[in-house]
Amino acid sequence: HLSGNTKQPTAPATITSHPVLPLPLLGTYFSGQPMLTAAQEAVLGKPVFHHAALELHLYSASWQAELDQAAAQHIKLELLLFFDDYEEELPVFLEYIRHIAGEIYAILLLGAHSEATPPGLMKMGYDVIKAAYPFIKVGYGTYGHFAELNRNRPGSLPHDFVSFGLTPRVHAEDARSLLESLECQPDIIRTIRSFTGKDIYVTPLSFNRRGGEVKESESMFAAEWTLRSVRQLRGAASVTVAFCAGR
């Protein structure tokens, strides 16, 4: 005992650690061209993309040829299927894919004139696709952005994943605002997680609005924003980057 030393020992500080979520599976859009140049493949030395996304309008005359071209690349396909009359078009699609179903890993069901997957399409589509090809994931979602998905939540509809698109250029254009858009991405994932326990797909993740090309002067900034977004979107199962081939 040391006289005058009445101070009690300080308890060691405790540090609460949070599990680090894995990065999402990474895909890109199928463009009809190799997803990476030969030089890029030589540097990377292994496949970078888990899958390729392909949009098919099942009321068009060309969807079969587009699907065959993509399937010939022997990469897993995430299909965004647009229906005009799903009761007529869905059986035709299911019959056609018998020879290439093994190349398809996920299907997002979309109505050609709907903000989000129509309930009737989701119910019928999920049941018949899973009955025929139980290994294919079938999703509910929107061709639009998070706001459209949040307004049209899946509720009790059957689904293996939910999907939405993400671009910073819905509300922002200047560099500062574009970077600040990264901060809200984890909140988007948390909000979606509050109404579904299923996988979350971000298709597409695009620096520009759909159909827009990245200016050469913006290419490095766009690449940085995309890389940071993939990290911010931990908690999503899959992120499909749009319009990145060859860059």
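One structure accompanies this document, and this report is about it. All figures in this text were calculated on a predicted structure; none of them were measured in a lab.

With that settled, consider the packing of helix H3 (residues 86–96) against helix H4 (residues 119–132). Orientation of H3 relative to H4, taken along the N-to-C sense of each, is 20 degrees, at an axis distance of 11 Å. The angle between H3 and H4 places the two elements in the roughly parallel class. Remark: the crossing between H3 and H4 carries right-handed chirality. Across the interface between the two elements, Tyr86, Glu87, Leu90 and Leu94 of H3 pack against Gly120, Leu121, Met124, Gly125, Val128 and Ile129 of H4. By residue class, the composition of the contact of H3 with H4 is seven nonpolar, two polar and one charged.

Okay, the pairing of strand E5 (residues 137–145) next. Pairing of strand E4 (residues 104–111) with E5 involves three bridges; the strand directions are parallel. Counted as the bridge partner of Leu108 is Gly139 from E5. Here E5 pairs with strand E6 (residues 161–166) via four bridges, running parallel. Each residue of the ladder has a partner; that of Gly139, found in E6, is Phe161. Taking the sense of rotation as the criterion, the β-α-β connection linking E5, helix H5 (residues 146–151) and E6 turns out right-handed.

Packing of helix H2 (residues 63–71) against H3 leaves a shortest axis separation of 12 Å and a crossing angle of 35 degrees. Helix-helix and strand crossings are classified by hand; for H2 and H3 the assignment is right-handed. On the side of H2, the interface is formed by Trp63, Gln64, Leu67 and Asp68, while H3 contributes Val92, Phe93 and Tyr96. Of the residues belonging to the contact of H2 with H3, the class tally is five nonpolar, one polar and one charged.

The subject of this paragraph is the sheet that holds strand E1 (residues 25–29). If you trace the eight strands once around the closed barrel, you get E1-E2-E3-E4-E5-E6-E7-E8, paired in parallel fashion. When the angles between neighbouring strand axes are averaged without regard to direction, this sheet yields 25 degrees. The strands touched by H4 are strand E3 (76–83), E4 and E5; relative to E4, the strand with the most contacts, the crossing angle is about 160 degrees. Strand contacts of helix H8 (residues 219–232): E1, strand E7 (199–205) and strand E8 (238–241), with the helix running at about 175 degrees to E7, the strand carrying the most contacts.

Procedures and definitions
Residues numbered from 1 in each chain as written. Predicted model: local features only at pLDDT ≥ 70, side-chain atom pairs only at ≥ 80, totals over all residues. Heavy atoms only, no water. Axes fitted to C-alpha atoms, helices over the stretch in contact; angles between N-to-C directions. Helix = DSSP H or I, 4+ residues; strand = E, 2+ residues; numbered from the N terminus. Parallel < 35°, antiparallel > 145°, perpendicular 65-115°, else oblique. Left-handed = near helix turned anticlockwise from the far one by under 90°. Contact = heavy atoms within 4.5 Å. Nonpolar A, V, L, I, M, F, W, Y, C, P; charged D, E, K, R; others polar. Pairing = 2+ DSSP bridges. Right-handed = clockwise from strand over helix to strand, strands pointing away.

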